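Residue strings, one per chain:
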Amino acid sequence: MRGEAPIEVVITAKAKGFAVSPFLQPARGIAFEVVTPTGQPVTAAVPMMGSPPPPPLKAEDLVTVSPTSPYRIATRERTNTIFPKAGQYKVKARIFLFDFPSEPVRYAQLVSDTIMVNVTP
């Protein structure tokens, strides 16, 4: 539980025309939902620090995601900022997005598949 966990979030699209911020990271648009194997929500031993807001971006600065070009976000996080203690957990990523051109601005969430993680002391 004292180390770091390598995490990779892969975003893909079913059609062309989808784009995301290159600044997506845990605590900046990505949250991890952690539950016990029976589905009981748990909180991390230490709250994850928030990230500063990303700089303003123009549409051309976004990263295009398509069926043939997924966007990969690789990071290393302290295990105690995700898990409460050693044990087995189900984890999924929730990604928060919004659509600028729409009026009013629309908010959306993408939810990843759930994975089982074994956390050792």
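Residues numbered from 1 in each chain as written. Predicted model: local features only at pLDDT ≥ 70, side-chain atom pairs only at ≥ 80, totals over all residues. Heavy atoms only, no water.

**Things to note about the environment of phenylalanine 18**
Item 1. Tracing the backbone shows phenylalanine 18 in strand β2 (residues 18-20).
Item 2. Its relative accessible area of 25% is what places phenylalanine 18 among the partly exposed residues.
Item 3. The contact partners of phenylalanine 18, leaving out residues within four places of it in the chain, are Ile11, Ala13, Val63, Thr64, Val65, Leu97 and Leu110. (Helix = DSSP H or I, 4+ residues; strand = E, 2+ residues; numbered from the N terminus. Buried < 20%, exposed > 50% of the residue type's maximum accessible area, 1.4 Å probe, protein only. Contact = heavy atoms within 4.5 Å.)

**Concerning the pairing of strand β1 (residues 4-11)**
Item 1. Covered by surrounding structure in β1 are Ala5, Ile7, Val9 and Ile11 only, the residues Glu4, Pro6, Glu8 and Val10 on the alternate face being uncovered.
Item 2. Here β1 pairs with strand β6 (residues 71-78) via eight bridges, running antiparallel. Following the sheet pairing, alanine 5 is matched in β6 by glutamate 77. (Pairing = 2+ DSSP bridges.)

**Thoughts on the pattern of salt bridges**
Item 1. Enumeration over the complete set of coordinates arrives at three salt bridges.
Item 2. Notably, a salt bridge pairs glutamate 4 with arginine 76, separated by 3.2 Å at the nearest N-O pair. In this pair, glutamate 4 sits in strand β1 while arginine 76 sits in strand β6, placing the two residues 72 residues apart along the sequence.
Item 3. Glutamate 8 is the salt-bridge partner of arginine 72, the closest N and O atoms lying 3.8 Å from each other. Pair noted here: arginine 72 is in strand β6 and glutamate 8 is in strand β1, with a separation of 64 residues, a long-range link.
Item 4. For glutamate 8, a relative accessible area of 47% translates into the label partly exposed. (Salt bridge = Lys/Arg side-chain N within 4 Å of Asp/Glu carboxyl O.)

**A few points about the environment of threonine 38**
Item 1. Relative to the assigned elements, threonine 38 resides in the loop between β4 (29-35) and β5 (63-65).
Item 2. Sequence spacing of threonine 38 and isoleucine 11 is 27 residues, and the spatial spacing of their C-alpha atoms is 27 Å.

**Quick notes on the layout of surface pockets**
Over the atoms a probe the size of a water molecule is rolled, and this reveals where empty space is left.
Item 1. As a volume, the second largest pocket reaches approximately 530 Å³.
Item 2. Contributing to the lining of the second largest pocket are 23 residues, with Glu8, Val9, Ala93, Ser112 and Ile115 lying nearest its centre.
Item 3. Contributing elements (two or more residues each) for the lining of the second largest pocket: β1, β7 (87-99), β8 (106-111) and β9 (115-119).
Item 4. Looking at which element gives the most residues to the lining of the second largest pocket, the answer is β1, with seven residues.
Item 5. Class assignment of the residues belonging to the lining of the second largest pocket gives a composition of 17 nonpolar, three polar and three charged. (1 Å grid on protein atoms, 1.4 Å probe; cavity = no way out; pocket = protein on both sides within 12 Å on 5 of 7 lines; lining within 4 Å. Points joined across faces, edges and corners; volume = space filled by probe spheres on them. Nonpolar A, V, L, I, M, F, W, Y, C, P; charged D, E, K, R; others polar.)

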